[in-house]
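Take a look at the letters that make up each chain.
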Amino acid sequence: MFRKEKKKINLVYDDDLKGMLRKLGVLDDFAQGRKKCKFCKNIINMKNLHSLFKESEDVKFVCDSPECIKKLLTYLK
Ligand SMILES: [Zn+2]
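Residues numbered from 1 in each chain as written. Predicted model: local features only at pLDDT ≥ 70, side-chain atom pairs only at ≥ 80, totals over all residues.

1. A word on unusual backbone geometry
Trans is the common state for peptide bonds, and a negative phi is the common state for residues other than glycine.
In step 1: Although it is not a glycine, Lys41 adopts a positive phi angle of roughly 70°.
In step 2: By secondary structure assignment, the location of Lys41 is in the loop between helix H2 (27-31) and strand E2 (49-55).
In step 3: Even without a glycine there, the phi angle at Ser56 is positive, about 55°.
In step 4: Position of Ser56 among the secondary structure elements: in the loop between E2 and strand E3 (58-63). (Helix = DSSP H or I, 4+ residues; strand = E, 2+ residues; numbered from the N terminus.)

In structure tokens, the structure reads:
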């Protein structure tokens, strides 16, 4: 019995970023600079955060560099 795991990605949007990060359980890590861009591995902060999404149970961050935004769009297709 094999079933291919479907890639589960949810883009997350919220005006209340901090509240959302808290809800996702990543606010502390984020505030302490422990969250990195999924693609370029730069540390994510409030200034360079472009978007975040849930992949399985993990929260992924993407910075606002044009390269990473392009990769994100490809990735989400
Ligand atoms: Zn990046």
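Having seen the structure, we can now continue with the description.
2. So, the environment of Asn48
In step 1: Along the chain, Asn48 turns up in the loop between H2 and E2.
In step 2: Of the residues examined, Asn48 has 15 C-beta atoms within 10 Å and is grouped as partly exposed.
In step 3: Between the C-alpha atoms of Asn48 and Cys63, which are 15 residues apart in sequence, the distance is 5.3 Å.
In step 4: Those residues in contact with Asn48 that sit more than four places away from it in its chain are Asn42, Cys63 and Asp64. (Buried ≥ 20, exposed ≤ 12 C-beta atoms within 10 Å, placed from the backbone. Contact = placed C-beta atoms within 7 Å.)

3. So, the pairing of E3
In step 1: The pairing of E2 with E3 spans six bridges and is classified as antiparallel. Looking at E3, one finds that Phe53 is bridged to Lys60.
In step 2: The turn linking E2 back onto E3 is made up of two residues, and Ser56 within it adopts a positive phi angle of 55°. (Pairing = 2+ DSSP bridges.)

4. Describing the nonpolar core
In step 1: In this structure, Leu21, Phe30, Cys37, Ile44, Leu52, Phe61, Val62, Cys63, Cys68 and Leu72 together form the largest nonpolar core, which totals 10 residues.
In step 2: Listing elements by their share of this core, those giving two or more residues are E3 and helix H3 (66-76).
In step 3: Counting residues per element, this core draws most heavily on E3, which supplies three residues.
In step 4: In this structure, Leu72 is in contact with Ser51 and Val62, ignoring residues within four places of it in sequence. (Core = buried A, V, L, I, M, F, W, Y, C linked by C-beta atoms within 7 Å.)

5. Some remarks on the confidence of the model for the protein chain
In step 1: Of the residues in the protein chain, 81% have a pLDDT of 70 or more, and the chain-wide mean is 86.
In step 2: Per-element averaging of pLDDT across the protein chain places strand E1 (residues 9-12) at the bottom with 64 and H3 at the top with 95. (pLDDT = per-residue confidence, 0-100.)

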